[in-house]
Amino acid sequence: MPLADMPELLAAHRAVGAFNFITLEVAEAIVAGAEAADTGVILQLSQNAIAFHGGLAPAGSAALRLAEAARVPVAVHLDHATEEALVDEALAVGIRSVMFDASQLTDAENLERTAAVAARVHAAGAWIEAELGEIGGKGAHAPGVRTDVDEAVRFVSATGVDALAVAVGSEHAMRERSARLDEHLIAELAAALPVPLVLHGSSGVADAGIDGAVRAGMRKINIGTHLNTVLTASVREELKRDPDAIDPRRWLAPGRAAVAAEVRRLIDVISGRAAAGHAASGIVAGGAGA
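Nothing here was measured: the structure is a model prediction, and the numbers come from that model. Sequence order as written defines the numbering, with residues in each chain counted from 1. In keeping with the model being predicted, local features are shown solely for residues with a pLDDT of at least 70 and side-chain atom pairs are shown and tallied solely at 80 or more, while totals for entire chains, interfaces and linings include all residues. Water and hydrogen atoms were dropped before computing side-chain values, which therefore reflect all heavy atoms in the structure.

**Side note on the overall build of the chain**
Each helix and strand counted, the chain has 12 helices and 8 strands in total. We call a residue buried when its accessible area falls under 20% of the maximum for its residue type, exposed when it is over 50%, and partly exposed in between, using a 1.4 Å probe and counting protein chains only. In the chain, buried positions account for 52% of the 290 residues. Residue contacts follow a heavy-atom distance rule, with two residues in contact if any of their heavy atoms lie within 4.5 Å. Contacts in the chain between residues at least 24 apart in sequence constitute 72% of all its contacts with a sequence separation of at least 6. With the model as given, the accessible surface of the chain reaches about 12,500 Å², and the carbon-plus-sulfur share is 54%. What counts as a helix is a DSSP run of H or I of at least four residues, what counts as a strand is a run of E of at least two, and both are numbered from the N terminus. Values of accessible area rely on a 1.4 Å probe in the Shrake-Rupley scheme; residue burial ignores everything except the protein chains shown.

Structure follows, in structure tokens:
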């Protein structure tokens, strides 16, 4: 299937799961989970993951090939790029969706740099996401910060970005799913902005919170740390069961399967299928998840 365009993918779904990968096995699992759910998905590669691999080419090329071979629409997205050169490199290799993150700069610098990058991205025929309002876990962020609606409207208008990641109570790299989102603020932002809203740090949000955020107006749901937790738990269990195993396929295959199953489950939450199934069966949706 041809590589999916982000605008078409978002337009075709209630909301879309955007899953970060570091290893090839997790990328394969994300696509497999989306295929099992028979729905589109966003395959995300962050600047930190690219640094781990020593450059964009190895993981970026693999993601593009996986997307092209998938049986469902898959968009490949560069996540949290703070280096403008990396954005340009991603566009050059065929990645048509990027997030430029200048949120650690002053508001004025964030606006100026984001507008310049957005112009280049649009000239290349690609899609750009930016961030406004500090989201915990990236740099030194003050607790309790929330994106201001009026500032968000001015930022989107001045920069021309296609989507906005906003601070509404989630944090990056959370291991417990205990974040409390401000759904009222999400609804205000969704009503005021002409572009899709992106929820970063969704690993720390329970199922009910994700569903509530989508109902309030979130369109792109970023999840990364939670998949790492699922993979690592499976690998630990396999190595505990067979401590003499040395072939990594013996423990990576079950880990990949566990991540694929969790991606499918989370897609059901994001799409609203899980809540619909619970309602039909008379079960009240919980928030624990896996």
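Right, picking up where we left off after that structure.
**Details of the packing of helix α7 (residues 149-159) against helix α8 (residues 183-192)**
A fitted line through C-alpha atoms serves as each axis, taken over the contacting stretch for helices, and the angle formed by two N-to-C directions is quoted from 0 to 180°. Contact geometry of α7 with α8 gives a least axis separation of 10 Å together with a crossing angle of 35 degrees. The two elements α7 and α8 meet at a crossing, and its hand is right-handed. Between α7, through Val149, Ala152 and Val153, and α8, the contact on the second element is made entirely by Leu185, Glu188, Leu189 and Ala192. Gly counts as polar in this scheme, as do all residues outside two lists: the nonpolar Ala, Val, Leu, Ile, Met, Phe, Trp, Tyr, Cys and Pro, and the charged Asp, Glu, Lys and Arg. Taken together, the residues of the contact of α7 with α8 break down into 6 nonpolar, no polar and 1 charged. Each crossing is labelled by how the near helix is turned from the far one, with a counterclockwise turn of less than a right angle marking it left-handed and a clockwise turn marking it right-handed.

**A closer look at the side chain of Ser97**
Position of Ser97 among the secondary structure elements: in strand β4 (residues 97-100). What qualifies as a polar contact is a pair of N or O atoms within 3.5 Å, subject to a donor-acceptor requirement within protein and to the restriction that residues adjacent in sequence count only when both atoms come from side chains. Polar side-chain contacts of Ser97 include one of 2.7 Å to the side chain of His77. Aside from chain neighbours lying at most four places away, what touches Ser97 is Met6, Val76, His77, Leu78 and Trp127.

**Details of the confidence of the model for the chain**
Here pLDDT means the predictor's own confidence in every residue, given as a number from 0 to 100. Scored by pLDDT, the chain has a mean of 87; 85% of the residues are at 70 or more. In this model, residues 136-142 is a region of pLDDT below 50 whose contacts with residues beyond four sequence positions or in other chains number 15 contacts. Contacts of residues 280-290 to residues separated by more than four positions or lying in other chains number 15 contacts, the stretch itself having pLDDT below 50.

**Some words on the pattern of salt bridges**
Whenever a carboxyl oxygen of Asp or Glu lies within 4 Å of a side-chain nitrogen of Lys or Arg, that contact is scored as a salt bridge. As enumerated under the stated definition, the model contains 16 salt bridges in all. A salt bridge links Glu238 to Arg241, with the nearest nitrogen and oxygen atoms 2.8 Å apart. Residue Glu238 and its partner Arg241 are both found in helix α10 (residues 225-241); the two are separated by 3 residues, about one turn of the helix. Overall, the relative accessible area of 17% leaves Glu238 in the buried class. Take Arg241: its relative accessible area is 57%, and that puts it in the exposed class. Residues participating in the shared-partner salt-bridge network are Glu84, Asp88, Arg113 and Arg120.

**Brief notes about α10**
Expected helix span is taken as 1.5 Å per residue step, with the number of steps being one fewer than the number of residues. The terminal C-alpha atoms of α10, which comprises 17 residues, lie 24 Å apart, in line with the 24 Å expected from a rise of 1.5 Å per residue. Of the surrounding secondary structure, the elements contacted by the buried residues of α10 are β1 (16-20), α2 (24-37), β8 (218-223) and α11 (248-271).

**Remarks on the sheet that holds strand β7 (residues 197-199)**
A pair of strands counts as paired when DSSP detects no fewer than two bridges linking them. Pairing is parallel in the closed barrel, where 8 strands are placed in the order β1-β2-β3-β4-β5-β6-β7-β8. Put simply, the sheet's adjacent strands are angled 25 degrees from each other on average, direction ignored. Note: strand β5 (residues 127-132) against strand β6 (residues 163-166), 4 bridges, orientation parallel. When the sheet's bridge partners are listed, Glu129 is paired in β6 with Ala163. Sitting on the sheet, helix α6 (residues 107-123) touches β4 and β5, and the angle it makes with β5 is about 170 degrees.

**A look at the environment of Arg273**
The topology assignment puts Arg273 in helix α12 (residues 273-281). In terms of polar contacts, Arg273 uses its side chain to reach the backbone carbonyl oxygen of Ala37, at 2.9 Å.

**Concerning the pairing of β6**
Of the two faces of β6, the one lined by Ala163 and Ala165 and the one lined by Leu164 and Val166 are each fully buried. Strand direction decides the pairing type here: β6 and β7, joined by 2 bridges, are parallel. Its bridge partner being in β7, Ala165 is matched across the sheet by Val198.

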